[in-house]
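# Working through the structure, step by step
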Amino acid sequence: MGTRAAQYTGHAARTGCATLPRMLMPAIAIVLYLAATALLWRGAAAGSQGRGWIPVSLLAVLFHAETHVEAWRLLQGPDMHFFAALSLTGIGMAALTAAFGASGRMPALGIVVFPLAALSLLGYAAYGHADTASTLDWRLQLHAWLALLAYATLALAAVLALFLMLQERALRRREFHRWLAALPPLTELESLLFRSIAVGFALLTATLLTGVLFVENLFAQHLVHKTVLSLLSWLAFGALLLGRWRRGWRGETAVRWTLGAMALLVLAFFGSKFVLELVLQRPG
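Attention here is on the structure that accompanies the text. None of these values were measured; they are calculated from a predicted model. (Residues numbered from 1 in each chain as written. Predicted model: local features only at pLDDT ≥ 70, side-chain atom pairs only at ≥ 80, totals over all residues. Heavy atoms only, no water.)

## Things to note about the pattern of salt bridges
- Counted by the stated rule, this structure contains six salt bridges.
- A salt bridge links Glu-190 to Arg-244; the nearest nitrogen and oxygen atoms lie 3.3 Å apart. Of this pair, Glu-190 sits in helix 7 (residues 186-214) while Arg-244 sits in helix 8 (residues 224-247); the two residues are 54 residues apart in sequence, bridging distant segments of the chain.
- Its relative accessible area of 2% is what places Glu-190 among the buried residues.
- Look at Arg-244 and you get partly exposed, because its relative accessible area is 28%.
- We note a salt bridge from Glu-190 to Arg-250, for which the minimum N-O separation is 3.2 Å. Of this pair, Glu-190 sits in helix 7 while Arg-250 sits in the loop between helix 8 and helix 9 (251-279); the two residues are 60 residues apart in sequence, bridging distant segments of the chain. (Salt bridge = Lys/Arg side-chain N within 4 Å of Asp/Glu carboxyl O. Helix = DSSP H or I, 4+ residues; strand = E, 2+ residues; numbered from the N terminus. Buried < 20%, exposed > 50% of the residue type's maximum accessible area, 1.4 Å probe, protein only.)

Now the structure itself:
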């Protein structure tokens, strides 16, 4: 474990907390994520869509969330550093995937999303939480939570875009793989993609609005690149939705716009936090 993980253990010991269960929680969540992935993979290989993975994934999400809740209790406030934010986005993606699957939509998402959530939690557990809680009032916390929800939703849209690209490519080449049976029809997958983008776009709009209203100096030196890249991503997603409505954009065009807009969003938030917090060792 990293230095911050050791600090986490030491701080828990000083407060008289039982550290072993807390250190086991991320490990249990990771095992459950991988178990849910294996169940989904086996179902996809067999061309079926079982539902046994749903309770396993929900338990993984609960243990994942409890890992953060316990850290916040120790810090007496939220933890929003790079690995914590990455892990929280992973929770959001995993929870949305489980919800999609429970409603019978796109369970194959979990084959990609659950390992990503496990990796994000592994990074958080290895690095440890921040030394102190983020000093954010409720308005800035609202802004941060909206941002994380937007990133999670739009990241799922990016995964859906990748599935759409693979499905279209396989159908064009007349390669009827068994895993295709785990995916919904092309039109349904495309519809789910644009619904996800629409929800994510609304959340991103709310994120930018709360940033304008609540962040005192939105164009400060360490925020200007984040703001500009976020605006460019917002414009790209908006243009995609407008193109879908007015010109019926779909297929490769939708995939390119989705992945390009998501790349800008990743650079805006996680790219800037990585440079500020891990390279420059400054608050992000």
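## Observations concerning the packing of aromatic side chains
- In this structure the tally under the stated criterion is eleven aromatic pairs.
- Ring geometry for Trp-53 and Phe-114: centres 5.9 Å apart, planes at 50°, overall tilted. Here Trp-53 is found in helix 3 (residues 53-75), whereas its partner Phe-114 is found in helix 5 (residues 109-127), with 61 residues between them in sequence. Both residues of the pair, Trp-53 and Phe-114, belong to the buried class.
- With centroids separated by 5.5 Å and ring planes inclined at 15°, the aromatic side chains of Phe-201 and Trp-234 adopt a geometry described as stacked. Highlighted residues: Phe-201 in helix 7 and Trp-234 in helix 8, separated in sequence by 33 residues.
- We classify Phe-201 as buried; its relative accessible area is 18%.
- A relative accessible area of 27% means that Trp-234 is categorised as partly exposed.
- Among the aromatic residues, ring-to-ring pairing joins Phe-82, Phe-83, Tyr-127, Tyr-151, Phe-269 and Phe-270 into one connected group.
- Taking NZ or CZ as reference, Arg-246 lies 5.5 Å from the ring centre of Trp-245, over its face. (Phe/Tyr/Trp six-rings, centres within 6.5 Å; stacked < 30°, edge-to-face > 60°. Lys NZ or Arg CZ within 6 Å of the ring centre and 35° of its normal.)

## Description of the nonpolar core
- Judged by nonpolar contacts, the single largest core of 69 residues is most densely connected at Tyr-33, Met-106, Leu-109, Phe-114, Phe-163, Leu-193 and Phe-237.
- Counting residues per element, the ones that place at least two in this core are helix 2 (19-45), helix 3, helix 4 (82-102), helix 5, helix 6 (138-172), helix 7, helix 8 and helix 9.
- In this structure Leu-193 touches Ala-157, Leu-160, Ala-161, Leu-164, Ala-254 and Thr-258, once residues within four positions along its chain are discounted. (Core = buried A, V, L, I, M, F, W, Y, C linked by side-chain atoms within 4.5 Å. Contact = heavy atoms within 4.5 Å.)

## Considering helix 6
- With 35 residues, helix 6 should cover 51 Å at 1.5 Å per step; its first-to-last C-alpha distance of 51 Å lies within 8% of that length.
- Of the residues flanking the end of helix 6, it is Arg-174, one or two places downstream, whose phi is positive at about 55°. (Expected span 1.5 Å × (residues − 1).)

## Focus: the environment of Ser-272
- Structurally, Ser-272 can be placed in helix 9.
- The class of Ser-272 is buried, set by a relative accessible area of 3%.

## What to know about the side chain of Thr-37
- Tracing the sequence through the fold places Thr-37 in helix 2.
- By relative accessible area, which is 12% here, Thr-37 ends up buried.

## Examining the environment of Leu-34
- By the secondary structure assignment, Leu-34 is in helix 2.
- Measuring from C-alpha to C-alpha, the distance between Leu-34 and Ile-111 comes to 9.1 Å, with 77 residues separating the pair along the chain.

## Quick notes on a nonpolar patch on the surface
- A cluster of nonpolar side chains, Val-112, Leu-116, Leu-119 and Leu-122, forms an exposed patch at the surface whose accessible area comes to about 350 Å².
- Note on placement: Leu-119 falls in helix 5.
- With a relative accessible area of 56%, Leu-119 lands in the exposed category. (Patch = residues over 30% accessible without salt bridge, like charges linked within 9 Å, V, L, I, M, F, W, Y side chains within 5 Å. Areas by Shrake-Rupley, 256 points an atom, 1.4 Å probe, with all protein chains shown as cover.)

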